[in-house]
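Residue-level structural notes
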Amino acid sequence: MSIQWFPGHMNAARKKAAESMEKVDLVIEVLDARVPQASSNPMIESLRRARQRPCLKILNKSDLADPDATRDWLAHYGAQPQVHAVALSCRKPADVAKVPTLCLKLAPHRGTVLKPLRVMIMGIPNVGKSTLMNALLKKRVAKVGDEPAVTKTQQRLFLGNNIVLIDTPGMMWPKIEHPTDGLMLAASHAIGVNAIIEEEVAVFLAETLLQRYPQLLAARYGLRPEGTDGVGVVEAIAARRGFRLRGGDPDLEKAAHTLLQDYRSGALGRISLETPASRVELLATYVPPPSLAEPQEVGEDDEST
Ligand code: G4P
(Lines give C-alpha, C1' and ligand atoms only; values in the text may rest on other atoms or scores of the structure.)
Protein backbone atom coordinates (compact mmCIF):
# COMPACT_ATOMS: atom_id res chain seq x y z
CA MET A 1 0.00 0.00 0.00
CA SER A 2 1.39 3.37 -0.98
CA ILE A 3 0.06 6.33 0.96
CA GLN A 4 0.61 9.62 -0.76
CA TRP A 5 -1.11 12.99 -0.52
CA PHE A 6 -0.46 16.60 0.11
CA PRO A 7 -3.69 18.48 0.75
CA GLY A 8 -3.48 22.23 0.23
CA HIS A 9 -3.94 23.07 3.91
CA MET A 10 -0.93 20.95 4.85
CA ASN A 11 1.13 22.77 2.26
CA ALA A 12 0.08 26.07 3.81
CA ALA A 13 0.85 24.70 7.28
CA ARG A 14 4.34 23.68 6.15
CA LYS A 15 5.07 27.17 4.83
CA LYS A 16 3.83 28.75 8.02
CA ALA A 17 5.87 26.31 10.14
CA ALA A 18 9.01 27.16 8.14
CA GLU A 19 8.48 30.87 8.81
CA SER A 20 7.71 30.32 12.48
CA MET A 21 10.77 28.10 12.98
CA GLU A 22 12.90 31.26 12.66
CA LYS A 23 11.09 32.90 15.57
CA VAL A 24 11.07 30.03 18.07
CA ASP A 25 13.71 28.86 20.51
CA LEU A 26 12.66 25.24 20.87
CA VAL A 27 10.56 22.63 19.12
CA ILE A 28 8.47 20.06 20.95
CA GLU A 29 7.96 17.17 18.56
CA VAL A 30 5.16 14.92 19.75
CA LEU A 31 5.63 11.33 18.60
CA ASP A 32 3.55 8.23 19.11
CA ALA A 33 5.61 6.07 21.47
CA ARG A 34 4.33 2.89 19.77
CA VAL A 35 5.73 4.00 16.40
CA PRO A 36 8.18 6.81 17.17
CA GLN A 37 10.15 6.90 13.95
CA ALA A 38 7.22 6.16 11.66
CA SER A 39 5.36 9.04 13.34
CA SER A 40 8.26 11.45 12.97
CA ASN A 41 7.67 13.83 10.08
CA PRO A 42 10.95 14.19 8.16
CA MET A 43 9.89 17.65 7.05
CA ILE A 44 9.64 18.85 10.65
CA GLU A 45 13.05 17.38 11.40
CA SER A 46 14.71 19.04 8.41
CA LEU A 47 13.12 22.44 9.13
CA ARG A 48 14.34 22.20 12.70
CA ARG A 49 17.84 21.09 11.83
CA ALA A 50 18.19 23.78 9.16
CA ARG A 51 17.48 26.39 11.85
CA GLN A 52 19.48 24.47 14.49
CA ARG A 53 16.68 24.58 17.02
CA PRO A 54 16.89 22.22 20.01
CA CYS A 55 14.12 19.67 20.32
CA LEU A 56 12.22 17.97 23.07
CA LYS A 57 10.93 14.73 21.60
CA ILE A 58 7.90 13.57 23.55
CA LEU A 59 7.18 9.88 23.11
CA ASN A 60 3.52 10.24 23.96
CA LYS A 61 0.99 7.50 24.67
CA SER A 62 3.77 5.62 26.44
CA ASP A 63 1.01 4.06 28.58
CA LEU A 64 0.15 2.03 25.45
CA ALA A 65 3.73 1.26 24.33
CA ASP A 66 6.06 -1.59 25.27
CA PRO A 67 8.32 -0.20 28.06
CA ASP A 68 11.40 -2.07 26.76
CA ALA A 69 11.04 -0.62 23.27
CA THR A 70 10.43 2.84 24.74
CA ARG A 71 13.63 2.59 26.78
CA ASP A 72 15.57 1.78 23.59
CA TRP A 73 13.98 4.69 21.73
CA LEU A 74 14.85 7.11 24.53
CA ALA A 75 18.50 6.03 24.33
CA HIS A 76 18.40 6.34 20.54
CA TYR A 77 17.00 9.89 20.48
CA GLY A 78 18.92 10.97 23.57
CA ALA A 79 22.18 10.35 21.69
CA GLN A 80 21.25 12.90 19.00
CA PRO A 81 22.68 16.42 19.26
CA GLN A 82 20.37 19.15 20.61
CA VAL A 83 17.73 16.55 21.45
CA HIS A 84 16.23 15.45 24.73
CA ALA A 85 13.68 12.65 24.65
CA VAL A 86 11.09 11.85 27.26
CA ALA A 87 8.35 9.21 27.40
CA LEU A 88 5.07 10.24 28.88
CA SER A 89 1.34 10.09 28.76
CA CYS A 90 -0.26 13.44 28.06
CA ARG A 91 -3.38 12.11 29.73
CA LYS A 92 -1.49 12.11 33.05
CA PRO A 93 -1.14 15.59 34.57
CA ALA A 94 1.89 14.56 36.64
CA ASP A 95 3.75 13.51 33.47
CA VAL A 96 2.92 16.75 31.67
CA ALA A 97 4.03 18.82 34.67
CA LYS A 98 7.64 17.81 33.86
CA VAL A 99 7.56 19.40 30.42
CA PRO A 100 8.16 23.12 31.20
CA THR A 101 11.33 22.37 33.19
CA LEU A 102 12.66 20.14 30.40
CA CYS A 103 12.00 22.91 27.87
CA LEU A 104 13.76 25.56 29.96
CA LYS A 105 16.81 23.29 30.34
CA LEU A 106 17.13 22.90 26.58
CA ALA A 107 17.18 26.64 25.91
CA PRO A 108 18.68 28.22 29.04
CA HIS A 109 19.26 31.58 27.37
CA ARG A 110 15.49 32.24 27.33
CA GLY A 111 12.65 31.80 29.80
CA THR A 112 12.32 35.13 31.57
CA VAL A 113 9.46 37.63 31.57
CA LEU A 114 11.41 39.87 29.22
CA LYS A 115 12.63 37.03 27.03
CA PRO A 116 10.02 34.29 27.21
CA LEU A 117 10.92 30.88 25.84
CA ARG A 118 9.12 30.42 22.54
CA VAL A 119 8.15 26.79 22.05
CA MET A 120 6.54 25.39 18.92
CA ILE A 121 4.53 22.16 19.35
CA MET A 122 4.63 20.02 16.22
CA GLY A 123 3.68 16.52 15.17
CA ILE A 124 1.52 14.54 12.81
CA PRO A 125 -2.24 14.27 13.42
CA ASN A 126 -3.56 12.32 16.41
CA VAL A 127 -0.28 11.96 18.34
CA GLY A 128 -1.67 14.03 21.23
CA LYS A 129 -0.66 17.64 20.58
CA SER A 130 -3.99 19.08 21.77
CA THR A 131 -4.03 16.80 24.79
CA LEU A 132 -0.54 18.06 25.68
CA MET A 133 -1.51 21.69 25.13
CA ASN A 134 -4.64 21.36 27.27
CA ALA A 135 -2.75 19.60 30.04
CA LEU A 136 0.03 22.20 30.04
CA LEU A 137 -2.41 25.11 30.17
CA LYS A 138 -4.82 23.24 32.48
CA LYS A 139 -7.77 24.25 30.30
CA ARG A 140 -9.34 23.22 27.01
CA VAL A 141 -8.03 25.26 24.15
CA ALA A 142 -9.61 25.19 20.71
CA LYS A 143 -7.85 22.70 18.47
CA VAL A 144 -5.93 24.08 15.55
CA GLY A 145 -7.24 22.29 12.53
CA ASP A 146 -6.02 19.11 10.94
CA GLU A 147 -9.24 19.38 8.94
CA PRO A 148 -9.35 21.44 5.75
CA ALA A 149 -12.46 23.21 7.03
CA VAL A 150 -10.67 24.58 10.08
CA THR A 151 -9.01 27.80 9.09
CA LYS A 152 -6.95 28.52 12.17
CA THR A 153 -3.37 27.47 11.36
CA GLN A 154 -1.48 28.36 14.53
CA GLN A 155 -2.17 29.72 17.97
CA ARG A 156 0.12 31.30 20.59
CA LEU A 157 -0.65 30.96 24.25
CA PHE A 158 1.25 31.94 27.41
CA LEU A 159 2.28 29.25 29.87
CA GLY A 160 2.98 31.19 33.07
CA ASN A 161 4.78 34.41 32.22
CA ASN A 162 7.98 33.00 30.77
CA ILE A 163 6.94 30.45 28.12
CA VAL A 164 4.95 31.05 24.93
CA LEU A 165 3.47 27.96 23.30
CA ILE A 166 2.82 27.92 19.58
CA ASP A 167 0.47 25.17 18.54
CA THR A 168 0.55 24.03 14.92
CA PRO A 169 -1.82 21.80 12.94
CA GLY A 170 -1.01 18.14 12.49
CA MET A 171 1.34 17.98 9.56
CA MET A 172 1.87 15.01 7.27
CA TRP A 173 4.44 14.92 4.51
CA PRO A 174 3.96 14.36 0.76
CA LYS A 175 5.02 10.76 0.50
CA ILE A 176 5.58 8.11 3.13
CA GLU A 177 8.68 6.41 1.80
CA HIS A 178 8.43 3.06 3.54
CA PRO A 179 5.08 1.29 2.99
CA THR A 180 5.32 -0.28 6.44
CA ASP A 181 5.42 3.21 7.99
CA GLY A 182 2.09 3.96 6.31
CA LEU A 183 0.67 0.73 7.70
CA MET A 184 2.00 1.43 11.19
CA LEU A 185 0.50 4.93 11.12
CA ALA A 186 -2.82 3.62 9.87
CA ALA A 187 -2.85 0.93 12.57
CA SER A 188 -2.12 3.58 15.19
CA HIS A 189 -4.86 5.85 13.80
CA ALA A 190 -2.62 8.71 12.71
CA ILE A 191 -4.11 8.45 9.26
CA GLY A 192 -7.62 7.42 8.37
CA VAL A 193 -8.25 4.54 6.01
CA ASN A 194 -11.32 3.10 4.35
CA ALA A 195 -12.77 -0.30 5.21
CA ILE A 196 -10.98 -2.21 2.45
CA ILE A 197 -7.59 -0.91 3.43
CA GLU A 198 -8.55 -1.46 7.08
CA GLU A 199 -8.38 -5.20 6.43
CA GLU A 200 -4.93 -4.83 4.88
CA VAL A 201 -3.81 -2.76 7.87
CA ALA A 202 -5.20 -5.37 10.26
CA VAL A 203 -3.36 -8.18 8.45
CA PHE A 204 -0.12 -6.19 8.68
CA LEU A 205 -0.75 -5.54 12.38
CA ALA A 206 -1.50 -9.24 12.96
CA GLU A 207 1.77 -10.22 11.25
CA THR A 208 3.76 -7.80 13.38
CA LEU A 209 2.04 -9.09 16.50
CA LEU A 210 2.75 -12.70 15.52
CA GLN A 211 6.44 -11.84 15.28
CA ARG A 212 6.73 -9.66 18.38
CA TYR A 213 3.83 -10.39 20.75
CA PRO A 214 2.30 -13.81 19.93
CA GLN A 215 1.44 -14.37 23.59
CA LEU A 216 -0.78 -11.25 23.64
CA LEU A 217 -2.75 -12.53 20.63
CA ALA A 218 -3.17 -15.90 22.31
CA ALA A 219 -4.28 -14.32 25.59
CA ARG A 220 -6.82 -11.96 24.05
CA TYR A 221 -8.40 -14.18 21.41
CA GLY A 222 -7.60 -17.69 22.57
CA LEU A 223 -5.96 -18.50 19.24
CA ARG A 224 -2.85 -20.55 18.53
CA PRO A 225 -0.18 -18.29 17.07
CA GLU A 226 2.04 -21.16 15.83
CA GLY A 227 1.95 -21.82 12.11
CA THR A 228 -0.54 -19.10 11.26
CA ASP A 229 -0.17 -15.83 9.38
CA GLY A 230 -1.81 -12.39 9.46
CA VAL A 231 -4.87 -13.44 7.45
CA GLY A 232 -5.18 -16.54 9.66
CA VAL A 233 -5.26 -14.33 12.77
CA VAL A 234 -8.06 -12.15 11.38
CA GLU A 235 -9.99 -15.29 10.36
CA ALA A 236 -9.46 -16.80 13.79
CA ILE A 237 -10.78 -13.65 15.49
CA ALA A 238 -13.91 -13.79 13.30
CA ALA A 239 -14.38 -17.47 14.18
CA ARG A 240 -13.71 -17.10 17.93
CA ARG A 241 -15.99 -14.07 18.24
CA GLY A 242 -18.72 -15.49 15.98
CA PHE A 243 -18.53 -12.62 13.50
CA ARG A 244 -20.55 -13.84 10.48
CA LEU A 245 -22.07 -12.26 7.42
CA ARG A 246 -25.68 -13.03 6.44
CA GLY A 247 -24.76 -16.01 4.27
CA GLY A 248 -22.63 -17.46 7.06
CA ASP A 249 -19.22 -16.42 5.75
CA PRO A 250 -16.82 -14.99 8.33
CA ASP A 251 -17.12 -11.20 8.72
CA LEU A 252 -13.45 -10.35 8.23
CA GLU A 253 -14.12 -6.63 8.14
CA LYS A 254 -15.55 -6.73 11.64
CA ALA A 255 -12.70 -8.94 12.85
CA ALA A 256 -10.14 -6.55 11.32
CA HIS A 257 -11.83 -3.61 13.00
CA THR A 258 -11.86 -5.42 16.34
CA LEU A 259 -8.14 -6.18 16.16
CA LEU A 260 -7.32 -2.56 15.30
CA GLN A 261 -9.54 -1.21 18.07
CA ASP A 262 -8.02 -3.58 20.62
CA TYR A 263 -4.52 -2.46 19.65
CA ARG A 264 -5.42 1.26 19.64
CA SER A 265 -7.18 1.18 22.99
CA GLY A 266 -4.50 -0.88 24.71
CA ALA A 267 -6.91 -3.80 25.30
CA LEU A 268 -4.36 -6.15 23.69
CA GLY A 269 -1.57 -4.99 26.00
CA ARG A 270 1.38 -2.64 25.78
CA ILE A 271 2.71 -2.88 22.25
CA SER A 272 5.33 -1.11 20.14
CA LEU A 273 5.33 -1.81 16.43
CA GLU A 274 8.94 -0.77 15.93
CA THR A 275 12.22 -0.54 17.82
CA PRO A 276 15.54 1.13 16.90
CA ALA A 277 16.79 -2.35 15.92
CA SER A 278 13.81 -3.08 13.66
CA ARG A 279 14.33 0.32 12.06
CA VAL A 280 17.96 -0.50 11.27
CA GLU A 281 16.80 -3.78 9.76
CA LEU A 282 14.15 -2.02 7.69
CA LEU A 283 16.63 0.50 6.30
CA ALA A 284 19.19 -2.22 5.55
CA THR A 285 16.75 -4.28 3.52
CA TYR A 286 14.83 -1.42 1.92
CA VAL A 287 14.93 -1.20 -1.85
CA PRO A 288 13.44 2.11 -3.00
CA PRO A 289 10.79 1.86 -5.72
CA PRO A 290 12.18 2.49 -9.23
CA SER A 291 10.93 6.08 -9.39
CA LEU A 292 13.07 6.95 -6.36
CA ALA A 293 16.03 4.68 -7.07
CA GLU A 294 16.64 5.51 -10.70
CA PRO A 295 18.45 8.75 -11.44
CA GLN A 296 16.26 11.23 -13.27
CA GLU A 297 17.15 11.75 -16.91
CA VAL A 298 18.53 15.22 -17.37
CA GLY A 299 18.33 16.83 -20.77
CA GLU A 300 21.34 18.80 -22.09
CA ASP A 301 19.52 22.07 -21.57
CA ASP A 302 18.80 21.20 -17.94
CA GLU A 303 22.38 20.57 -16.92
CA SER A 304 23.24 24.14 -16.11
CA THR A 305 20.24 24.58 -13.76
P1 G4P B 1 -3.61 15.76 18.04
O2 G4P B 1 -3.93 17.09 18.66
O3 G4P B 1 -2.15 15.53 17.89
O4 G4P B 1 -4.34 15.50 16.76
O5 G4P B 1 -4.10 14.62 19.04
P6 G4P B 1 -5.16 14.71 20.25
O7 G4P B 1 -4.61 15.50 21.39
O8 G4P B 1 -6.49 15.11 19.72
O9 G4P B 1 -5.19 13.18 20.70
C10 G4P B 1 -5.63 12.15 19.84
C11 G4P B 1 -6.18 10.99 20.65
O12 G4P B 1 -5.11 10.43 21.42
C13 G4P B 1 -7.25 11.39 21.65
O14 G4P B 1 -8.12 10.29 21.81
C15 G4P B 1 -6.45 11.53 22.94
O16 G4P B 1 -7.23 11.39 24.09
C17 G4P B 1 -5.49 10.38 22.80
N18 G4P B 1 -4.28 10.57 23.61
C19 G4P B 1 -3.50 11.68 23.70
N20 G4P B 1 -2.49 11.46 24.55
C21 G4P B 1 -2.62 10.21 25.00
C22 G4P B 1 -1.86 9.39 25.92
O23 G4P B 1 -0.83 9.78 26.46
N24 G4P B 1 -2.30 8.12 26.10
C25 G4P B 1 -3.41 7.62 25.50
N26 G4P B 1 -3.76 6.38 25.76
N27 G4P B 1 -4.14 8.36 24.65
C28 G4P B 1 -3.76 9.63 24.41
P29 G4P B 1 -9.55 10.26 21.22
O30 G4P B 1 -10.11 11.64 21.11
O31 G4P B 1 -10.33 9.23 21.95
O32 G4P B 1 -9.25 9.79 19.78
P33 G4P B 1 -8.96 8.30 19.32
O34 G4P B 1 -8.09 7.66 20.33
O35 G4P B 1 -10.31 7.68 19.24
O36 G4P B 1 -8.31 8.47 18.00
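Residues numbered from 1 in each chain as written. Predicted model: local features only at pLDDT ≥ 70, side-chain atom pairs only at ≥ 80, totals over all residues. Heavy atoms only, no water.

1. Re the nonpolar core
In this structure, Ile28, Val99, Leu132, Leu165, Leu185 and Leu259 are the most contacted members of the largest nonpolar core, which totals 86 residues. Among the elements that line this core, the one with the most residues is helix H8 (residues 195–212), at seven residues. Each of domain 1 (8–167) and domain 2 (197–284) accounts for three or more of the residues forming this core. Dropping the residues within four chain positions of it, Leu165 is found in contact with Val119, Ile121, Met133, Leu136, Leu137, Gln155, Arg156, Leu157 and Leu159. (Core = buried A, V, L, I, M, F, W, Y, C linked by side-chain atoms within 4.5 Å. Buried < 20%, exposed > 50% of the residue type's maximum accessible area, 1.4 Å probe, protein only. Helix = DSSP H or I, 4+ residues; strand = E, 2+ residues; numbered from the N terminus. Domains from an automatic or database assignment. Contact = heavy atoms within 4.5 Å.)

2. Considerations on the sheet that holds strand E4 (residues 117–122)
Read from one edge to the other, the open sheet built from six strands follows the order E3-E2-E1-E4-E6-E5, with strand pairing classed as mixed. Each of the sheet's edge strands pairs with one partner strand only, and the pair in question is strand E3 (83–87) and strand E5 (155–159). Averaged over neighbouring strand pairs, the angle between their axes works out to 25° when direction is ignored. Bridge count for strand E1 (residues 26–32) against E4 is four bridges, and the pairing is parallel. Residue pairing in the sheet places Ile28 in a bridge with Ile121 of E4. Against the sheet, helix H3 (residues 67–78) touches E1, strand E2 (55–60) and E3, its axis set at about 165° to E3. (Pairing = 2+ DSSP bridges. Axes fitted to C-alpha atoms, helices over the stretch in contact; angles between N-to-C directions.)

3. Remarks on the pairing of E1
Burial analysis of E1 places seven of its seven residues in the buried class, which makes it a mostly covered element. Two strands pair when backbone bridges link them, and E1 and E2 are joined in this way by six bridges, in the parallel orientation. Bridge pairing in E2 links Val27 to Cys55.

4. Concerning the pattern of salt bridges
Following the criterion strictly, the structure yields 14 salt bridges and no others. Note that Glu22 is salt-bridged to Arg51, the shortest N-O span being 3.8 Å. Of this pair, Glu22 sits in helix H1 (residues 8–22) while Arg51 sits in the loop between helix H2 (42–50) and E2, and the two are 29 residues apart along the sequence. Residue classification places Glu22 among the partly exposed positions, given a relative accessible area of 45%. On the basis of relative accessible area, Arg51 is assigned to the partly exposed category, the value being 40%. A salt bridge links Lys57 to Glu45; the nearest nitrogen and oxygen atoms lie 3.0 Å apart. Within this pair, whereas Lys57 is found in strand E2, its partner Glu45 is found in helix H2, the two being separated by twelve residues in sequence. (Salt bridge = Lys/Arg side-chain N within 4 Å of Asp/Glu carboxyl O.)

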